[in-house]
Amino acid sequence: VQLQAFGGGLVQAGGSLSLSCVASRSSFNSFYMGWFRQAPGKEREFVSTIKWSGGNTYYADSVKGRFTMSRDNAKNTVVLRMNSLKPEDTAVYYCAAGQRIILANKAHPRAYDYWGQGTQVTVSS
């Protein structure tokens, strides 16, 4: 499984960006697709996750109400729409996929088996 994330860039605080993650396969029904981010000097942190076959979408408290994750099964793509961006959202954003995701581990990077290459998001103040 290969994941490719793109869409990052430089934006002013209060602005918006959309990130996309394209998967190399279409048989993802048992997978969760997640977004994580990692700022310099910090650990990788959970942003959001969605089950490929449908159901709830989960968000970190820090992005709830500002970020929206969606999926397009026909295009093997998940999208992270980021609104009202803040300087503290600056990080490299990674998409990930995992088959062993349950509610208890959905925010843990180690639960995800496949990772994209990351895309930089920089929010200026």
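Residues numbered from 1 in each chain as written. Predicted model: local features only at pLDDT ≥ 70, side-chain atom pairs only at ≥ 80, totals over all residues. Heavy atoms only, no water.

Trainee: Honestly, the sheet that holds strand 1 (residues 3-6) in this entry has me stumped. Any pointers?
Mentor: Remark on secondary structure: sheet strands pair via backbone hydrogen bonds, oriented parallel or antiparallel. Ordered by their spatial adjacency, 4 strands build an open sheet running 1-3-8-7, and the pairing between neighbours is antiparallel. Of all strands in the sheet, those with a lone pairing partner are strand 1 and strand 7 (67-72), marking the two edges. Each strand axis lies, on average, 15° off the axis of its neighbour in the sheet, ignoring direction. Relative to strand 3 (residues 17-23), strand 1 runs antiparallel, the two being bridged by 4 bridges. Of the residues in strand 3, the one forming a bridge with F6 is S20. (Pairing = 2+ DSSP bridges. Helix = DSSP H or I, 4+ residues; strand = E, 2+ residues; numbered from the N terminus. Axes fitted to C-alpha atoms, helices over the stretch in contact; angles between N-to-C directions.)

Trainee: Help me understand the nonpolar core, please; the structure alone is not making it clear to me.
Mentor: In a soluble, globular protein the nonpolar side chains are often hidden away together inside. By size, the foremost hydrophobic cluster in this structure holds 37 residues, and its most contacted members are M33, W35, F67, V78, L80, M82 and Y93. Every element with two or more residues in this core is listed here: strand 1, strand 3, strand 4 (32-38), strand 5 (45-51), strand 7, strand 8 (77-82), strand 9 (91-98) and strand 11 (119-124). Top contributing element to this core by residue count: strand 9, with 5 residues. (Core = buried A, V, L, I, M, F, W, Y, C linked by side-chain atoms within 4.5 Å. Buried < 20%, exposed > 50% of the residue type's maximum accessible area, 1.4 Å probe, protein only.)

Trainee: Help me understand the packing of aromatic side chains, please; the structure alone is not making it clear to me.
Mentor: Each aromatic ring pair is specified by the distance between its two centres and by the angle formed by the two planes. A full pass over the atoms with the stated rule returns 6 aromatic pairs. Seen in terms of ring centroids, F36 and W115 are 5.1 Å apart; in terms of plane orientation they differ by 55°. Their pairing is tilted. Taken together, the residues span a long stretch of sequence, with F36 in strand 4 and W115 in strand 10 (residues 114-115) at a distance of 79 residues. Of the residues examined, W115 reaches a relative accessible area of 27% and is grouped as partly exposed. Put simply, the rings of F36, F46, Y94, Y112 and W115 touch in pairs and so form one group of aromatic residues. (Phe/Tyr/Trp six-rings, centres within 6.5 Å; stacked < 30°, edge-to-face > 60°.)

Trainee: Which parts of the structure should I look at to understand the pairing of strand 8?
Mentor: Sheet faces and side chains relate simply in a regular strand, where the side chains alternate between the two faces. In terms of strand pairing, strand 3 meets strand 8 through 6 bridges, oriented antiparallel. Considered in strand 8, the bridge of L17 is made with M82. The sheet contact formed by strand 7 and strand 8 spans 6 bridges and is antiparallel. Across the sheet, residue F67 finds its bridge partner in strand 8, namely M82. Once strand 7 ends, the chain turns through 4 residues before running back antiparallel as strand 8, passing N76 with a positive phi of about 50°.

Trainee: Explain the environment of V1 here, please?
Mentor: Checked against the element boundaries, V1 lands in the segment before strand 1. For V1, a relative accessible area of 33% corresponds to the partly exposed category. With 24 residues separating them along the chain, V1 and R25 place their C-alpha atoms 6.5 Å apart.

Trainee: Sorry, what's going on with the pattern of salt bridges here?
Mentor: Two side chains bearing opposite charge may form a pair once their charged atoms approach each other closely. Scanning all chains against the criterion turns up 5 salt bridges. Measuring nitrogen to oxygen at the nearest pair gives 2.9 Å for the salt bridge that ties R37 to D89. Placement of R37 in strand 4 and of D89 in the loop between strand 8 and strand 9 is noted, with a sequence separation of 52 residues between them. By the burial criterion, R37 is buried, and D89 matches it. (Salt bridge = Lys/Arg side-chain N within 4 Å of Asp/Glu carboxyl O.)

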